[in-house]
Amino acid sequence: DLKWVGEPHRHIRTLVHFQAMKGATYSGRWGFSVDFVPVLSGPSNSVRRLASKRTAKAAAFDLCLDPIDSADRVPEWCSFDWLTPNPKRIAKVGAAVFESAFRDFDRITNLRDLRALFHQRSQMKFRRFSLSNYTQTDLCWGLVCIACGDEHEGMSRIEAFCARFSIDLQSKTLLKAIETARGDALRG
């Protein structure tokens, strides 16, 4: 299996995934999935909708930390070639990816930490994909802001997401996610 999903802690699941790249290369990336944040589904050339992802099987990146984003090419330390599989090389890469992932995972213990990580990554310079290139960014960041008590910034980000992907702001799935985030804000 090339995807590992952690158990939820305060709505947050950790993910590690080895994605297929050109040339039969697999590259490690990791990040976070927030259970109450729905995921955008459907092909980009048709009607898209929001779907729930409250299970490990449905977990998807809401915030992806990909070493390629800050490199010129696929870094050797986090990738391996599948055409000439070398078990020792794969084990070494796996260990390096999980070590880096767990360093990042250890910093995120609650939704406030995740909100801070969104902000930190929004200030970074990237060579490949920046935060705005990832589909889930505004939706998750917005819902996390609401859960942290910042309704204004949260709704602003959610409205931007809905406008970008032609999602109805009154969709049942989105309204339920907003209600869950507001409930977290009330619990502090």
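Let me begin by describing the structure that accompanies this report. Just so we're clear, the structure is a prediction, and the values are computed from it rather than from any experiment. (Residues numbered from 1 in each chain as written. Predicted model: local features only at pLDDT ≥ 70, side-chain atom pairs only at ≥ 80, totals over all residues. Heavy atoms only, no water.)

1. A short note on the overall build of the chain
Moving on, step 1. Along the backbone of the chain there are 5 helices and 7 strands.
Moving on, step 2. Taken from N to C terminus, the helices and strands of the chain fall in the order β-β-β-β-β-β-β-α-α-α-α-α.
Moving on, step 3. Relative to the globule expectation of 16 Å for 188 residues, the C-alpha radius of gyration of the chain, 17 Å, shows essentially globular dimensions.
Moving on, step 4. Taking the principal axes of the C-alpha coordinates as reference, the chain spans close to 50 × 40 × 30 Å.
Moving on, step 5. Counting over 188 residues, the chain shows a buried share of 45%.
Moving on, step 6. Accessible area for the chain stands at about 10,400 Å²; split by element, carbon and sulfur atoms hold 53% of it.
Moving on, step 7. A distance of 3 Å separates the average location of the 28 positive side-chain charges in the chain from that of its 21 negative side-chain charges. (Helix = DSSP H or I, 4+ residues; strand = E, 2+ residues; numbered from the N terminus. Rg over C-alpha atoms; globule rule 2.2 N^0.38 Å. Buried < 20%, exposed > 50% of the residue type's maximum accessible area, 1.4 Å probe, protein only. Areas by Shrake-Rupley, 256 points an atom, 1.4 Å probe, with all protein chains shown as cover. Lys, Arg positive; Asp, Glu negative; His and termini not counted. Charge placed at Lys NZ, Arg CZ, Asp CG, Glu CD.)

2. Overview of the pattern of salt bridges
Moving on, step 1. Enumeration according to the criterion identifies 9 salt bridges in this entry.
Moving on, step 2. A salt bridge links R115 to E153, with the nearest nitrogen and oxygen atoms 2.9 Å apart. Of this pair, R115 sits in helix α2 (residues 111-122) while E153 sits in helix α4 (residues 151-165), and the two are 38 residues apart along the sequence.
Moving on, step 3. A relative accessible area of 24% places E153 in the partly exposed class.
Moving on, step 4. With its nearest N and O atoms 2.4 Å apart, the salt bridge here joins E151 to R182. (Salt bridge = Lys/Arg side-chain N within 4 Å of Asp/Glu carboxyl O.)

3. Quick notes on unusual backbone geometry
Moving on, step 1. Here the phi dihedral of R10 falls at roughly 55°; this positive angle occurs in a residue that is not glycine.
Moving on, step 2. Position of R10 among the secondary structure elements: in the loop between β1 (3-5) and β2 (12-21).
Moving on, step 3. Non-glycine residue H11 carries a positive phi angle of around 80°.
Moving on, step 4. Positionally, H11 belongs in the loop between β1 and β2.

4. What about helix α3 (residues 137-147)?
Moving on, step 1. Across the 11 residues of α3, 10 count as buried, placing the element largely inside the fold.
Moving on, step 2. Turning to α3, its buried residues are T137, L139, C140, W141, G142, L143, V144, C145, I146 and A147.

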